[in-house]
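Secondary and tertiary structure notes
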Amino acid sequence: MLGLDVTIDTKSGFCFGVEFAIEVAEEILKQEGKLYCLGDIVHNDREVKRLEDMGLEIIDHDQLKEMKNVKVLIRAHGEPPSTYDLAIKNNIILMDASCPVVLKLQNRIKKSHDKKERIYIYGKHGHPEVKGLMGQTGKDAVVFQDINELDLDNIPKSITLYTQTTKSKEKFYDIVKKLTKKGIDINVNDTLCRQVSNRDTQLQDFSNNFDKIIFVSGTKSSNGNALFNVCKKNNNNSYFVSSSEEVEQGWFSQNEKVGVCGATSTPMWLMQEVKEKILDF
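The paragraphs below set out a description of the structure included in this document. (Residues numbered from 1 in each chain as written. Predicted model: local features only at pLDDT ≥ 70, side-chain atom pairs only at ≥ 80, totals over all residues. Heavy atoms only, no water.)

1. Section: helix α10 (residues 222-234)
For α10, which comprises 13 residues, the first-to-last C-alpha distance of 19 Å matches the rise-based estimate of 18 Å (1.5 Å per residue) to within 8%. When we look at burial in α10, the residues that qualify are Asn223, Gly224, Leu227, Phe228, Val230 and Cys231. Along the long axis of α10, the arc covered by the buried residues comes to 150°, so they all point the same way. Looking at the buried side of α10, the elements it contacts are α8 (194-197), α9 (199-207), β10 (212-216), β11 (238-241) and β12 (257-262). (Helix = DSSP H or I, 4+ residues; strand = E, 2+ residues; numbered from the N terminus. Expected span 1.5 Å × (residues − 1). Buried < 20%, exposed > 50% of the residue type's maximum accessible area, 1.4 Å probe, protein only. Arc of directions from axis to C-beta. Contact = heavy atoms within 4.5 Å.)

The structure is reproduced here in structure tokens:
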């Protein structure tokens, strides 16, 4: 036995939006044994599999178009207006678990669009939250995930800037700085979720306190990839795993302190599973 001291970061795990969506799903599944969910309820394959075993069925937008008279869960990422219009048309009952932070952002973007403002959104192309935000503008907005995508010499001299709720606070304000330096008048809307953005700082502190860091996340989680990079930057002995099966004994030495942490889409039970695996070494 290596005698490892393993600590789970209590601030890691589901954000309140994801936690609420899963609670809604679990309640319905316990009562009815069946529920459709539009897209992965969370970007973590293990948690999705757990809920699928309870009766959750993941569907996409093409499948939704063919459905009628069913109950469908809207996940925390939110949806564009077209989804709600379709639900009314097809008599679909929507169990709306959209995160309130996302809903507030959607409302702000719609008001900007109604005022004919030139809207720019810092976000990941194709991300479900971003699709919902674009839907508020009739897709009349510019989405970019890197400032290098923008032709800074030809964008409007006055823009309204929003950000996907889960993006990096540091990168967002770096973008604001660069745009301002170009002489662009920006109506800055810091629409970051503080529960998520503050985890950058929290993980910097956490990762510095251990010999090794095991970061647990689904590979599809953009938040997970971003937060892992925070750990890796502060502690080079950081390892990314999606399950306890991926943890290797060769990573550790005798009597080391090990920190286990994860993304906003990582269930606490999965981090506990990883901890137990490490303690067996």
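2. Comments concerning the packing of aromatic side chains
Applying the stated criterion across every chain, the model contains ten aromatic pairs. Note on Phe252 and Phe281: the rings are 5.9 Å apart at their centroids and 35° apart in plane angle, and the pair reads as tilted. Taken together, the positions of Phe252 in the loop between β11 and β12 and Phe281 in the segment after α11 (268-279) put the pair 29 residues apart, joining distant regions of the chain. Accessibility expressed as a relative area gives 6% for Phe252, which makes it buried. An aromatic cluster of at least three residues, connected via ring pairs, comprises Tyr122, Phe144, Phe172 and Tyr173. (Phe/Tyr/Trp six-rings, centres within 6.5 Å; stacked < 30°, edge-to-face > 60°.)

3. What to know about the pattern of salt bridges
This model, assessed by the stated rule, comprises 15 salt bridges. A salt bridge links Glu245 to Arg46, with the nearest nitrogen and oxygen atoms 4.0 Å apart. With Glu245 in the loop between β11 and β12 and Arg46 in helix α2 (residues 45-54), the pair connects residues that are 199 residues apart, well separated along the chain. Residue Glu245 is classed as exposed on the basis of its relative accessible area, which comes to 58%. Put simply, Asp190 and Arg194 hold a salt bridge, and the shortest N to O gap is 2.5 Å. A single network of salt bridges, built from pairs that share partners, joins Glu26, Glu47 and Arg50. (Salt bridge = Lys/Arg side-chain N within 4 Å of Asp/Glu carboxyl O.)

4. Looking at the packing of helix α1 (residues 16-32) against α2
At a minimum axis distance of 10 Å, the contact between α1 and α2 shows a crossing angle of 20°. The angle between the axes of α1 and α2 places the two elements in the roughly parallel class. Crossing handedness for the pair α1 and α2: left-handed. Side by side, α1 and α2 meet where Ile22, Glu26, Leu29 and Lys30 of the first sit next to Glu47, Arg50, Leu51 and Met54 of the second. (Axes fitted to C-alpha atoms, helices over the stretch in contact; angles between N-to-C directions. Parallel < 35°, antiparallel > 145°, perpendicular 65-115°, else oblique. Left-handed = near helix turned anticlockwise from the far one by under 90°.)

5. Here's the deal with the side chain of Glu47
With respect to the helices and strands, Glu47 occurs in helix α2. Not counting chain neighbours up to four residues away, the residues in contact with Glu47 comprise Phe14, Ile22, Val42, Pro267 and Trp269.

6. As for the sheet that holds strand β1 (residues 5-8)
In spatial order, the strands read β1-β12-β10-β11; together these four strands make up an open sheet with parallel pairing. At either end of the open sheet lies a strand with only one pairing partner, and these are β1 and β11. With direction set aside, neighbouring strand axes in the sheet form an average angle of 20°. Sheet topology note: the β1/β12 ladder contains four bridges and is parallel. Following the sheet pairing, Val6 is matched in β12 by Val258. Strands β1, β10 and β12 of the sheet are contacted by α9, whose axis makes an angle of about 165° with β12. (Pairing = 2+ DSSP bridges.)

7. Some remarks on the pairing of strand β8 (residues 158-163)
In regular strands, side chains alternate between the two faces of the sheet. In terms of residue burial, β8 counts as a mostly covered element, since five of its six residues are buried. Direction of pairing for strand β6 (residues 119-122) relative to β8: parallel, over a ladder of four bridges. What sits directly across from Tyr122, in β8, is Thr163. The pairing of β8 with strand β9 (residues 185-188) spans four bridges and is parallel. Along β9, the bridge assignment pairs Ile159 with Ile186. Chirality of the crossover, the property in question, places the unit of β8, helix α7 (residues 169-181) and β9 among those that are right-handed. (Right-handed = clockwise from strand over helix to strand, strands pointing away.)

8. Points about unusual backbone geometry
Of note in this structure, Asn91 is not a glycine but carries a positive phi near 55°. Its location among the elements puts Asn91 in the loop between α4 (81-89) and β5 (93-96). Notably, Asn255 is not glycine yet its phi reads approximately 60°, a positive angle. By the element assignment, Asn255 lies in the loop between β11 and β12.

9. Re the side chain of Glu79
By the secondary structure assignment, Glu79 is in the loop between β4 (71-74) and α4. The buried charged residue Glu79 lacks any salt bridge partner; its closest oppositely charged side chain belongs to Arg75, at an N-O distance of 4.8 Å. Among the polar contacts made by the side chain of Glu79, one reaches the side chain of His61 at a distance of 2.8 Å. What Glu79 contacts, discounting residues up to four positions off in sequence, is Leu38, His61, Ile74, Tyr84, Ser98, Gln106, Gly132 and Gln136. (Lys, Arg positive; Asp, Glu negative; His and termini not counted. Polar contact = N/O pair within 3.5 Å; in protein donor to acceptor, adjacent residues only side chain to side chain.)

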